[in-house]
Each structure stands twice: as structure tokens, then as C-alpha cells.
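Here is what each chain is made of, one letter per residue.
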Amino acid sequence: MIASLRFSVVAVVTASLLVACGELSGLEHEQGASKVSGLCQNQDGSPAAEVHVIFERKADRKRYLARTAQDGSFRFEALPAGSYAGIVSDMKGNGAIGDFEVLAGGDTALEPLTLIPLEKIKPAVQLKNIWFEERITDSVGDHSDVRYASDASFALSFQRLPGESKSNLVQTELATGAETTLVQGEELSGSYTSNWVAVGGDRFLLYRAYRPDEQYAETRSEHIVSFDRKTKKQAIVPLSAGSGYYVPGQPGQKCEPGYPYQTCYDVKIENRVYVMATTFVGGKLYYLQSVSRKTMKPATSGFDMEVGRMVELCAFDPASGARQCVPVNGANAYRSWSSEPIMTAKAAIVVLGPEGTFPPSPTPASGAVMITSYATMSTLEIAKAGGVSELVASADGGTVYYLDGARSQISKADVATGQETKLASSSEPLQSPALSPDEKRLALVTYGSGSTSYEIRLLDLASGAIVAKTPGTVSYQGVSVTFQPCTYKKSGVCFSADGKDYLAEKDFYTADYLKTFGKPLPAGKETLVLALHVPVDNSPPFVTEHDSSQWRMYQDSPPLESKAGSYQARPVRVKSTGFNQVFVKRSSDGLELQVTFITAQHGAVAWEDDERVVYLARDPVTGYTQLFRVNADLFFAPEKAGGN
């Protein structure tokens, strides 16, 4: 009897029987069992060899598995009679889905099944535990900017409805896909890679959004919004807010609203707040803010401007809404700040210039390290005679490492006591300190006097000795390659994901550029990246080749380890489509496989457990960006698709 094929949805399964090599084995004969055979082919008519076939009996949700032979055929020797949902997959994004009736006794021969991209079959994204992507959310609108709970039980995202400019803050239960709108109609900023500031203990959600200004309700400015998932209450903190007022030149003079520089005012005074850095520690949001006061006075030609600025550390308690701000640089002592501030687990660290300095670029010879404790909200100043130029901090925030103003001395200081220890000095200027993940090495870059070449140095923090010294220009396959040092990334990011190598920045070589050296572009690479590795164990440096897009993605999104460490996941750009897909590597043997195939960008990747990866992707059915998951473990152990 020939069975008919039609699209259907397959339910969750609870039991399994293993089949391999084209026919069913180990299946007990049930009364009325039948032999079922079929043939799978690719779109070009060629046999679909070694593809996986699942028959799920609808009555009890039992799954029976088979794998096609080299000629594309498969056979079940004793399949119980009943209605079945069938799924075929080549584990590369292609397959077929259908409903089948198996009659009692005799043979059932199925019509040939042609594998097509599963994303073109609407029910495919609704299937669970197959070799394809399962849609978690199914709502109108695009999800973006996802954050996951610490236990990966739910996801938080901003969802924009079609035709709307504002977004809703939504919580999605990953197990069920149930969506709950927490906050409606937020006007988000487009100035940040992410609008999230912090997710505190899975309870307090802090993000950037536009809200009415504290003094001028008709003006909307950026704020930090805190939403308490427990009480459903909100609190706000000005993020980049300003207020202005005028001192009238003639008492009682009436001025109509209009352009701020009306002649009826003699003096304009403007206060402005800018948040420099944030962190969430111990149930509180701590942030450094720069507070400026600008005074404009009429002059013979235009206006004279006087500017003052100071830095404050603020603590915000989202539970109570209480906020406390203390000056980092002394009350009413205006001091400019330089270098990127560091928010550790214990204190805020920033380099400030002497009192009264402006604009915000003090000379390195005048800089001082200001350490403000979260516990005491008091500031410890480490004022060096030679100033401070650059600094990095340990992961626990207990130690800060910094270069002096002349960039010839590297020192460290205890954050709690301010005690300073000199580590090493150099006759050549140092820059770009970067701390290794194990905090045993400090990478530094030095340029030779009067030269454009540079060296990468690794300083052993225990002994103070330089344990590695590598030139930035090396010969690779007969070509002289000049690498760019890691001059802008924060501590730890300048090292490989495993912490074994310091990574110099890379040169991008196109095919035409390589031709000038008589070198062809390696096959499969659009743009070649050469990365210089300086091992922290003092072994010789080495160079590796990468496709530019893959290298950049690897640097920006290091591999994510699954909950039990069995796998690592990372997004990888697939050259043939230009889209990012999720690749998973098995930790035990390094085997890496592609596990997502929908023709769309895949992002916000995280592990739901040790087997399932969750992420954002465009739904091929609705066109909206939704949350998806894929069971990566099935690609390495296909027999597990039979059930748990």
C-alpha cells in the first residue's frame, strides 16, 4: 500500500528504539506489525544516503528511528500499525515531514521522499528534539537585546511591534515559551550596543530608556530604569540629563519663550550629568558620573564660557529607590578625568587631573589614581610625583596596576590600603597594559626610540622579570608582516580565550594585496587575517591564519561552555550565505559541527543546559525575530532523538 504525504506537527516523545544502517533492528514484533520501506532523495534526484528517519506513533508518542543506506533506502521490519508522524533529516538543514498510516500486517511502501530545506516547511520550527531549530516564542514583533536568567530558566528581551517606535520589556519562560510583558512602551536609545545596564540577581532589571527630565517634564532625556520583578515597581536614575537656567539682566523683565540666547538674559548657567561607567554589586547599582557646570556670559563678540567639572560615585538601591552620591575629587574641586574608568567588585577607579583642570585631558605627569570604595563611599588618592597614564585592575578589584606619566615605570597598589609596590621599569616608553586571565602576566607594548616598530613584552608579576619579548614585525612565509598591538581593549580581552597567548592585533590582507607579495589568498577565505600569538609560558611566538569575519566574531564572541562543560558554542559566519550560524564543538575530542541552518543571523547565544543552545533568529514562517533553541547533543549522538 502506498502511504500519502502531508505536512504535520510532531509532539514531544517519551520513548525510543534505535535503528541504524538502513533497517530497523531490535524491535519486538507486536500483533499486527507491518514492514515499512521508503526511499529518500535529494532535490537533484540523487540518493540521500545516511540521513535519519523518525517515525513517531501518535497514539503513544513512541519514536522509531532508522538511517538510510547508500542508495537512500530505509526499512522498518516490524512497525506497529497506527498513525505516524514522519521526520527525515540530513542534519544539515534539509529534510521532509509527513503523516503516514501503517496498516496491520503486510508491507507498506512509501512514495519517495525528497529532502528540501526544512525552513521552507512551516511546521519544522515547531518540532522538538530533531536535528533542526525549534521556535520558542511565537508572537508578533521582533525580539532583541536578550538577557538570560542565571539558571537559563527565562529570557528577557525588548520586543518592538510592527509599525511601532517603542518597545515592550518581555519575559519568556524558555521551557514553555510563555511570554509576559513587564513594561510597555519604552523609548529606547539607539546609541548603545545594548540598552541593558545590569540584571541584578534575576530580580532587578536595569536598562536605558528615555523618560521625562526631572526639571523639565516636556523634555525627554536618557535615564536608567529599574524594574523590580518581585514587586513590579519602577525607579529611575538620570543617565545623561541636563538643566539650564538664566539670570535676568534687568529685574522684572519679561521674556517670551524662544531661542535660549535671548538678549533679555545676561547669563546662562547649565548643569549637565554624564554617566561614565556602571556596575551592579551587592544588590546596588554603582556608577561614576561626571557633573559639569557651564556659565555663558555676553561678551563684545558672542559669549564667554566658563566650565567646571567634577566626578561623583553614586550608589542606587533599586529596592528602595534611595540614591547616594559622593564626590570622588573633593567637594567643589573641579578635576578632569582621563583614561577609561574601571568599576571593580570593590571600588571605582579613575585617573583624575589636579584641581581646576580643564579640558578633560590632563597631562599624564599630573594624573592621580582615585579609588572610591563601595563599602565606605570614601576616596583614597594615590598621587604619584610622576603622574599616572594607564591602568588595569585585577578581577576581584583588590589590586590596580598602572604606568607612571613617563610610561617608564609599572607599579601596583592595594585598593584597600593604597600601598604601592614598584614592579619594573623600562628605558623605553611602555603602553597598553593588559592582564592575563590567570593574573600572572602583564602584557605591555613598547616602541623603540625614534622608531615605528614595537615590541610586545610579558612581565612576570611574581618576579618582576620580563619573560617574553617579541617584535611586532615578523616574517611569515617569506612576507614581512607588521601586526598591530592590542592598544584599546580592556584587561583580559587581549589574550586568547584559553588565556595561553597574548594576541597582537591583525593585518587584513585581501587577494589583491597579497598578490603584491606573490602570495595567493588561501582557498575558502575572503580576507586573510594573520594573528600573532605570544605564549605566556615563554614558548616561541607563532602566527595563525583566519578568515577576517570569523576572526572578528571569535574575538567579539568567545566560545560559550555548556553547563557541564561537554560542549562549546559560538556564532560563525557562513561564507555561502553571509549569515552567522551556531557551531558547537565537543570538548572531549574537538569535533565541531554546525547545528543551526535557518537562513538568518543568529545571535544572543547561550546554553539552556548541557545539551540545548538558545539564541535569537528570524522566524522563516512569520519573518519576525524570535527566540529559538536547538538540541546540539543530537548532532553528536543522533540515536538520542528517539527520546530521553
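No experiment lies behind these values; they were computed from the predicted model shown.

Participant: Help me understand the environment of Asn42, please; the structure alone is not making it clear to me.
Facilitator: With respect to the element layout, Asn42 can be found in the loop between strand S5 (34-41) and strand S6 (52-57). Beyond its immediate chain neighbours, meaning those up to four positions away, Asn42 contacts Pro47, Ala48, Thr114 and Leu115. A distance of 3.2 Å separates a polar side-chain atom of Asn42 from the backbone oxygen of Pro47.

Participant: Would you explain the state of the cysteines in this entry?
Facilitator: A covalent bond between the sulfur atoms of two cysteines is what we call a disulfide. Taken as a whole, this structure holds 1 disulfide when the rule is applied. Between Cys314 and Cys325 runs a disulfide, and the two sulfur atoms are separated by 2.0 Å. Taking the sign of the torsion about the S-S bond as the criterion, the disulfide between Cys314 and Cys325, at about 110°, is right-handed. Remark: Cys325 occurs in strand S27 (residues 323-327) and Cys314 occurs in strand S26 (residues 303-316); sequence separation between them is 11 residues. For Cys325, a relative accessible area of 32% gives the class partly exposed.

Participant: Whenever I open this one, the sheet that holds strand S33 (residues 399-404) confuses me. Can you help?
Facilitator: Strands in a sheet are paired, the pairing made by backbone hydrogen bonds, and the direction either parallel or antiparallel. As summarised here, the arrangement of the 4 strands in space is S32-S33-S34-S35, forming an open sheet in which the pairing is antiparallel. The open sheet has two edge strands, strand S32 (388-393) and strand S35 (420-425), and neither has a second partner. Neighbouring strand axes in the sheet, compared pairwise and without regard to direction, differ in orientation by 25° on average. Sheet topology note: the S33/strand S34 (residues 409-414) ladder contains 5 bridges and is antiparallel. Within S34, the position partnered with Thr399 by the bridge is Asp414.

Participant: Would you mind going over the pattern of salt bridges with me for this structure?
Facilitator: Any two side chains of opposite charge can pair, on the condition that their charged atoms come close. Inspection of the entire model under this criterion finds 22 salt bridges. Where Glu455 meets Arg457, a salt bridge forms, and the shortest distance between an N and an O atom there is 3.5 Å. Note that Asp589 is salt-bridged to Arg586, the shortest N-O span being 2.6 Å. A network of salt bridges, in which partner residues are shared, links Lys128, Glu134, Glu608 and Arg629.

Participant: Mind showing me how you'd approach the nonpolar core here?
Facilitator: General note: in soluble globular proteins, nonpolar side chains tend to be found buried as a group. Core analysis: the largest hydrophobic core is formed by 33 residues, its most contacted members being Phe132, Val582, Val584, Val613, Tyr615 and Phe635. Looking at this core, the elements that each hand over two or more residues are strand S47 (567-573), strand S48 (580-586), strand S50 (603-607), strand S51 (612-618), strand S52 (625-631) and helix H3 (633-636). Residues contacting Val584, with those up to four places away along its chain left out, are Tyr567, Gln568, Ala569, Leu591, Glu592, Leu593, Val595, Trp607, Val613, Ala632 and Phe636. Counting 22 residues, the second-largest nonpolar core is a separate cluster that includes Tyr476, Cys494, Leu532 and Val536.

Participant: Any chance you could explain the layout of surface pockets here in plain terms?
Facilitator: Where empty space is left in the structure can be found by rolling a water-sized probe over the atoms. In this structure, the second largest pocket encloses a volume near 630 Å³. If you go around the second largest pocket, you meet 24 residues; those closest to its centre are Asp145, Val146, Arg147, Thr193 and Ser194. Secondary-structure elements contributing two or more residues to the lining of the second largest pocket are strand S15 (142-148), strand S16 (154-160), strand S19 (196-200) and S50.

Participant: Would you explain the sheet that holds S50 in this entry?
Facilitator: One open sheet holds the 4 strands; their spatial order is S14-S52-S51-S50, and the pairing between them is antiparallel. Across the chains shown, the open sheet's two edge strands, defined by having one partner strand only, are strand S14 (134-135) and S50. Relative to S52, S51 runs antiparallel, the two being bridged by 7 bridges. Paired with Ala617 across the two strands is Gln626, which belongs to S52.

Participant: It is not clear to me how empty space enclosed by the protein should be interpreted in this structure. Could you clarify?
Facilitator: According to the stated counting rule, one finds 1 cavity of 30 Å³ or more in the structure shown. Each pocket or cavity is described by its volume, and for the largest cavity that value is around 40 Å³. Along its surface, the largest cavity is lined by 12 residues, and Gly86, Ile87, Val88, Phe100 and Leu113 are the ones closest to its centre. Of all the elements in the fold, those that place two or more residues in the lining of the largest cavity are S6, strand S9 (82-89) and strand S10 (94-102). Among the elements that make up the lining of the largest cavity, the one with the highest residue count is S10 (4 residues). Per-class residue counts for the lining of the largest cavity are 10 nonpolar, 2 polar and no charged.

Participant: Would you mind showing me how to read the pairing of S33 here?
Facilitator: Each regular strand shows side chains that alternate between the opposite faces of the sheet. Along S33, 5 of the 6 residues are buried, which leaves the element largely enclosed by surrounding structure. Count of turn residues in the S32/S33 antiparallel hairpin: 5 residues, of which Gly397 carries a positive phi of about 75°. What sits between S33 and S34 in their antiparallel hairpin is a turn of 4 residues, with Arg407 showing a positive phi close to 60°.

Participant: Hey, could you run me through the pairing of S6 in this one?
Facilitator: For S6, the buried fraction is high: 6 of the 6 residues fall into the buried class. Here S6 shows no split at all, with His52, Ile54 and Glu56 on one side and Val53, Phe55 and Arg57 on the other all buried. Pairing geometry for S6 and strand S7 (residues 62-67), over 5 bridges, is antiparallel. Opposite Phe55, over in S7, you have Tyr64 as the bridge partner. Taking the residues between adjacent antiparallel strands as the criterion, S6 and S7 are bridged by 4 residues, where Arg61 takes a positive phi near 65°. By the bridge criterion, 6 bridges tie S6 to S9 in an arrangement that is antiparallel. Residue pairing across strands places Phe55 opposite Gly86, the latter belonging to S9.

Parameters at a glance
Residues numbered from 1 in each chain as written. Predicted model: local features only at pLDDT ≥ 70, side-chain atom pairs only at ≥ 80, totals over all residues. Heavy atoms only, no water. Helix = DSSP H or I, 4+ residues; strand = E, 2+ residues; numbered from the N terminus. Contact = heavy atoms within 4.5 Å. Polar contact = N/O pair within 3.5 Å; in protein donor to acceptor, adjacent residues only side chain to side chain. Disulfide = S-S within 2.5 Å. Buried < 20%, exposed > 50% of the residue type's maximum accessible area, 1.4 Å probe, protein only. Pairing = 2+ DSSP bridges. Axes fitted to C-alpha atoms, helices over the stretch in contact; angles between N-to-C directions. Salt bridge = Lys/Arg side-chain N within 4 Å of Asp/Glu carboxyl O. Core = buried A, V, L, I, M, F, W, Y, C linked by side-chain atoms within 4.5 Å. 1 Å grid on protein atoms, 1.4 Å probe; cavity = no way out; pocket = protein on both sides within 12 Å on 5 of 7 lines; lining within 4 Å. Points joined across faces, edges and corners; volume = space filled by probe spheres on them. Nonpolar A, V, L, I, M, F, W, Y, C, P; charged D, E, K, R; others polar.

No statement about biological role is implied by the geometric values presented.
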